[in-house]
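Now for the letters of each chain:
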Amino acid sequence: MTVTYHPRTDWQDPARPMSAPVAYDPARVVQVVAHWPGGRVPTSSAGVPKYLRDMEAAYRADPNRGYSVGYSEAVDPWGGRWELRGFTWRCAANSIPGEPVGQENARTFALLFIIGGDVAELPPAMLEAARSSIGDAQLVSGRALALRGHGDLEPTACPGPAVTIARKRGDLTVPYPPTIPNPGEPDMTTARLVRLPGYLNTFLVGAGTPLHLTPELFDNYKAAGVPVVPIAAHAQFTKQVLAQCALSTADLVPGPA
Ligand SMILES: [Zn+2]
């Protein structure tokens, strides 16, 4: 399953881009607050951009609002993450009765779940998109964030039963600090073979920095008849080898799978 991140340029009307008066201050953010939109929702991911454009237009036209959509991000049932105010501007999505307007928004990353009231369980793709969003909000703030529903702050049915069930069950909980998998030694699945055009030498490089061949891998390739040159672990050494050929890592092209 893949989460797709959509920047604002994927949905907003270029003639009327979002804007808001106060910058997002991650140092003050302590919680993610979940919302749902109520009313009609799109029936496919293709319908989300227009849906968000209409929501933005409605916010602007609303005499009680007159400002851009108040949520930080939205997630859809198909694994889409949609940047709204994002990490650019403070949200305008919730308040606590009796407290100064805006105070709670300064503490909040507001996450909109684009679902209708008929949804009993959040789809797995939506859960994954939400966890991705919450994980990023935690990374940006550099701390674990509390996860609340809008109804925990003020009297409202928002964000509805499906989000509340998922939240209470821990389905939306993202560990902080994140568990970063140990990249370990390069293997057939994390590394790729590259070949220099016009050269027989083959280098094994990862997505970014060139990696060295382990003796085991070297033997595997040799046994498979793949012409290889073992490269030291040091990326600088690889660059030197390439430089001696008047080449750079940019000259590496995908080799045989
Ligand atoms: Zn709400």
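Residues numbered from 1 in each chain as written. Predicted model: local features only at pLDDT ≥ 70, side-chain atom pairs only at ≥ 80, totals over all residues.

Asks: Pulling in residues and values, what's your account of the nonpolar core?
Replies: Val32, Tyr71, Leu111, Phe113 and Ala130 are the most contacted members of the largest nonpolar core, which has 40 residues in total. Elements represented by at least two residues in this core include exactly β2 (31–35), α1 (48–61), β3 (73–75), β5 (108–113), α3 (124–141) and α4 (160–169). For this core, the element with the most residues is α3, which contributes six residues. (Core = buried A, V, L, I, M, F, W, Y, C linked by C-beta atoms within 7 Å. Buried ≥ 20, exposed ≤ 12 C-beta atoms within 10 Å, placed from the backbone. Helix = DSSP H or I, 4+ residues; strand = E, 2+ residues; numbered from the N terminus.)

Asks: Residue-level account of α1, with values.
Replies: The end-to-end C-alpha separation of α1 is 20 Å, in line with the 20 Å expected for 14 residues at 1.5 Å each. Along α1, the positions that sit buried rather than exposed are Val48, Leu52, Met55 and Glu56. The buried residues of α1 occupy one face: seen down the axis, they fall within an arc of 100 degrees. In α1, the exposed residues that point more than 90 degrees away from the buried face are Lys50, Asp54, Ala58 and Ala61. Packed against the buried residues of α1 are β3 and β4 (80–83). (Expected span 1.5 Å × (residues − 1). Arc of directions from axis to C-beta. Contact = placed C-beta atoms within 7 Å.)

Asks: How would you sum up the environment of Cys158? Please name residues and give values.
Replies: The topology assignment puts Cys158 in the loop between β6 (146–149) and α4. C-alpha separation for the pair Cys158 and Gly117, spaced 41 residues apart in sequence, amounts to 10.0 Å. With residues up to four places along the chain from it excluded, the contact list for Cys158 reads His35, Trp36, His150 and Gly151.

Asks: Could you give an account of the environment of Asp152, naming the residues involved and the relevant values?
Replies: Relative to the assigned elements, Asp152 resides in the loop between β6 and α4. By the C-beta count within 10 Å, which is 17 here, Asp152 ends up partly exposed. A C-alpha to C-alpha distance of 9.7 Å links Asp152 and Ala34, two positions 118 residues apart in sequence.

Asks: Before we move on, could you go through unusual backbone geometry and cite the residues and values that matter?
Replies: Trans is the prevailing form of peptide bonds, just as negative phi is the prevailing case for residues other than glycine. Residue Pro159 is bonded to the preceding Cys158 through a cis peptide linkage, with omega at 10 degrees. Topologically, Pro159 is positioned in the loop between β6 and α4. The omega torsion across Tyr176 and Pro177 is -5 degrees, close enough to zero to call that bond cis.

Asks: I'd like to hear about the pairing of β5, residue by residue, with values.
Replies: Where burial is concerned, most of β5 is hidden: six out of the six residues are buried. On β5, burial covers both faces: Thr108, Ala110 and Leu112 on one face and Phe109, Leu111 and Phe113 on the other are all buried. Pairing of β2 with β5 involves five bridges; the strand directions are parallel. Bridged to Val33 within β5 is Ala110. (Pairing = 2+ DSSP bridges.)

Asks: Let's hear about the environment of Val140: which residues, and what values?
Replies: If you trace the backbone, Val140 turns up in helix α3. For the pair formed by Val140 and Phe87, sequence separation is 53 residues and the distance between their alpha carbons is 8.2 Å. Among all residues touching Val140, those that are not within four sequence positions of it are Pro26 and Phe87.

Asks: Talk me through the sheet that holds β5; I want residue IDs and the actual numbers.
Replies: The six strands lie next to each other as β1-β4-β3-β5-β2-β6, forming an open sheet whose pairing is mixed. A strand with exactly one partner marks an edge of an open sheet, and here the two such strands are β1 (4–6) and β6. Pairs of neighbouring strands in the sheet enclose a mean axial angle of 25 degrees, with direction left out of account. Two elements, β3 and β5, share three bridges in a ladder whose sense is parallel. Looking at β5, one finds that Val75 is bridged to Phe113. α4 contacts β2, β5 and β6 of the sheet and is inclined by roughly 155 degrees relative to β6. (Axes fitted to C-alpha atoms, helices over the stretch in contact; angles between N-to-C directions.)

Asks: Could you give an account of the confidence of the model for the protein chain, with specific residues and numbers?
Replies: The predicted structure's coordinates, where accompanied by low pLDDT, should not be read in detail. When pLDDT is averaged across the protein chain, the result is 81; 69% of the residues are at 70 or more. This model gives residues 185–202 a pLDDT under 50, and the stretch forms 40 contacts once residues within four places in sequence are excluded. In this model residues 205–213 is a low-confidence stretch, pLDDT under 50, and it forms 28 contacts with partners more than four residues away in sequence or in other chains. (pLDDT = per-residue confidence, 0-100.)

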